[in-house]
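Residue-level listing of the chains:
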Amino acid sequence: MSSARILVVDDEPNVLSTIVAILEREGYTVEGTATGEDALDVLHARTFDLVLTDLKLPSDVDGLEILKTVQQKWPQTVTVMMTGYGTIETALKAIQLGAYEYLLKPAEISELKAAVRRSLERKRFSETDALYRLSSEIANTRRVKAINQKVAKTARQVLNLAHVQVVSILDGRAEGGCNATAQLLFMQPEIMRQLHHGKVVMTRQKDRLATVPVISARSMALVPGIVQDELVCVLCADNAAEPFDFHSSAMRFLESLANQTALAIANANHYAELAARNHELAAANERLQRLDRFKSQFLSMTSHELRTPLSIILGYTQIVADRLSNKMDADERSMMQDAGACERLLRMVNTMLDLSQIEAGKLKMSFATHDVRNVLQRSIEFFRAEAVSRGIHLHYDAGDRPLSARMDPDRIEQVVTNLMANALKFTPRGGHVTVGANLRPDVAAVEISVSDSGVGIRPSDQSKLFQEFSRVGDARSRNTQGAGLGLAIAQRILEAHGGKIALHSELGRGSTFSFRLGAVAAARSAGAGAAA
């Protein structure tokens, strides 16, 4: 790209040619005129970064008039005023009208160069400031239309262009927001190819790109906005029927603006996609929660409806068995034993009722300090007869010192009972089941465990054990009955106690289920004394 463009206006030929030569040697693109009228004509035809004008000119259009016109029509062009007859009044008036520098002729060459450099730096700073302010405005803007409007407004203000529009690119095609000429240009494969490769497309009225004449503007710039090698938007800029020279400074600004816009649009699109997915997830979660509530309501209703008739049937069956036990023949006794299925069904109903209460947050807990050993002893006595009938050796290992913990004893007994029932269920004749407890001073807890020498659990099945209605592996579930709710409920009870069940199992060698309860001071001190 070319360097900054400067217009020099001075009615003295020697001064004009000297200044032009000095600035050209500095690498600037410089034009010179001798009158104010010529200067305005040149300004209407081309765009300049800086105007260096004499105050006194031999025409109706003097330096102040040029300054005023530049500020009105090309506010981003910087103006430097020169005069050989300067007064404080003229200097103040020039500054008030917007002049950035005020030089007295004859000026030193070094002073002239410094003034030009400062003025151009001020212009660059002004453009950078505009980009920074725009970046702050659109950074958190989520609507693409709002982003496009703010960007177009900034470009029109900074470059004083008649039309600036931002066209979004979706699936490789331009989507609305551009005039008829731009739409025709976007239909040209070669133009779209250049834009996709990040190249700026410039058109002029005399050009014919792919047989499409630019009829609505004397010149137009199509500036691509690229993010991660993808064309996101195109900045369409023109000055309608008025000429506009898209020189280096203007193009640098438009390219920065297009890339900034593309990033903001990409972020807005990502945010919209994320919001849509979050909405879908929220809707899906709502559906799942609704189904879960229906399930809980169904479990609760079904449990209540079945519990009463099952209890009545079981009660009458027991009465008949007690009164007629000596008068029944073998077939009748077998029928009475089959009626024991009601007990299993009633236990299942009670389990489902517990689950529905837990999920509804209605399961009541009564916490107090209790000796864990009492809970374990009651559970062992409950299962002692069953263990004998199955030919399984039942062991108790909790020492002779109190093991006090804060808990709901009925619910902890429910947990231990479930673990023992599973241990007996999956341990073959001749096997062992051990119920134990010990103090863990290192974690201020009482640890309770139920171990068996049964079939064990495959590693792939262990994570499923605590899921509702889950029954794992053929080796473990063969010839067993249950709804697959016991461990899920036990885990929920322990979560209410601030703990959880831990599992260690080896296939074919047995399993150990354990959990911890917070020890109270008495148990901790007893443990410390034993250690001493």
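Relevant structure appears above.
Residues numbered from 1 in each chain as written. Predicted model: local features only at pLDDT ≥ 70, side-chain atom pairs only at ≥ 80, totals over all residues. Heavy atoms only, no water.

K.L.:
Would you mind going over a negative patch on the surface with me for this structure?
P.N.:
Together, Glu-37, Asp-38, Asp-41 and Asp-60 make up a negatively charged patch on the protein surface. As for its placement among the helices and strands, Asp-41 is situated in helix H2 (residues 36-45). Asp-41 sits in the exposed class, given a relative accessible area of 52%. (Patch = residues over 30% accessible without salt bridge, like charges linked within 9 Å, V, L, I, M, F, W, Y side chains within 5 Å. Areas by Shrake-Rupley, 256 points an atom, 1.4 Å probe, with all protein chains shown as cover. Salt bridge = Lys/Arg side-chain N within 4 Å of Asp/Glu carboxyl O. Lys, Arg positive; Asp, Glu negative; His and termini not counted. Charge placed at Lys NZ, Arg CZ, Asp CG, Glu CD. Helix = DSSP H or I, 4+ residues; strand = E, 2+ residues; numbered from the N terminus. Buried < 20%, exposed > 50% of the residue type's maximum accessible area, 1.4 Å probe, protein only.)

K.L.:
Would you take a moment to explain the sheet that holds strand S5 (residues 101-104) for this structure?
P.N.:
Where strands meet in a sheet, backbone hydrogen bonds hold them as pairs that are either parallel or antiparallel. Taking strand neighbours across the sheet as the criterion, the 5 strands line up as S2-S1-S3-S4-S5 in an open arrangement whose pairing is parallel. Where the open sheet ends on each side, the last strands, each with one partner, are strand S2 (29-33) and S5. Strand-to-strand twist in this sheet, taken as the mean axis angle between neighbours without regard to direction, amounts to 20 degrees. On the sheet, helix H1 (residues 13-25) packs against strand S1 (5-9), S2, strand S3 (50-54) and strand S4 (78-83) and is oriented at approximately 175 degrees with respect to S2. (Pairing = 2+ DSSP bridges. Axes fitted to C-alpha atoms, helices over the stretch in contact; angles between N-to-C directions. Contact = heavy atoms within 4.5 Å.)

K.L.:
Looking at this structure, how should I read the environment of Gly-391?
P.N.:
When you line up the elements, Gly-391 lands in the loop between helix H12 (372-390) and strand S14 (393-397). Linking Gly-391 and Thr-427, residues 36 residues apart in sequence, is a C-alpha distance of 9.8 Å. Apart from the residues within four sequence positions on either side, Gly-391 is in contact with Arg-429, Gly-430 and Gly-431.

K.L.:
Looking at this model, I keep getting lost on the packing of aromatic side chains. Mind explaining?
P.N.:
The way to describe two aromatic rings as a pair is by their centre distance and the angle between their planes. In the structure shown here, the tally under the stated rule is 1 aromatic pair. Their ring planes at 85 degrees and their centres at 5.1 Å tell us that Phe-382 and Phe-383 sit as a pair that is edge-to-face. Owing to a relative accessible area of 64%, Phe-382 belongs among the exposed residues under this scheme. The class for Phe-383 is buried, based on a relative accessible area of 4%. The ring of Tyr-271 has Arg-142 lying over it, and the distance from NZ or CZ to the ring centre is 4.3 Å. (Phe/Tyr/Trp six-rings, centres within 6.5 Å; stacked < 30°, edge-to-face > 60°. Lys NZ or Arg CZ within 6 Å of the ring centre and 35° of its normal.)

K.L.:
Quick question: what am I supposed to make of the packing of H2 against helix H3 (residues 63-73) here?
P.N.:
To characterise two packed helices, one gives the angle between the axes of the helices and the distance between these axes. Interhelical geometry of H2 versus H3 gives an angle of 15 degrees and a closest axis separation of 11 Å. Here H3 runs roughly parallel to H2, going by the angle between their axes. Remark: the crossing between H2 and H3 carries right-handed chirality. Judged by residue contacts, Gly-36, Ala-39, Leu-40, Leu-43 and His-44 of H2 engage Ile-66, Thr-69, Val-70 and Lys-73 from H3. Residues that form the contact of H2 with H3 fall into these classes: 5 nonpolar, 3 polar and 1 charged. (Parallel < 35°, antiparallel > 145°, perpendicular 65-115°, else oblique. Left-handed = near helix turned anticlockwise from the far one by under 90°. Nonpolar A, V, L, I, M, F, W, Y, C, P; charged D, E, K, R; others polar.)

K.L.:
Honestly, the nonpolar core in this entry has me stumped. Any pointers?
P.N.:
Taken as a class, soluble globular proteins show a tendency for nonpolar side chains to be buried jointly. The biggest cluster of nonpolar side chains holds 39 residues, and the ones touching the most others in it are Val-372, Ile-448, Phe-515 and Leu-517. Residue contributions to this core peak at 7 residues, all from helix H13 (residues 409-425). Ignoring sequence-local partners within four residues, the contact set of Phe-515 consists of Ile-412, Val-415, Val-416, Leu-419, Val-446, Glu-447, Ile-448, Leu-494, Lys-500 and Ile-501. (Core = buried A, V, L, I, M, F, W, Y, C linked by side-chain atoms within 4.5 Å.)

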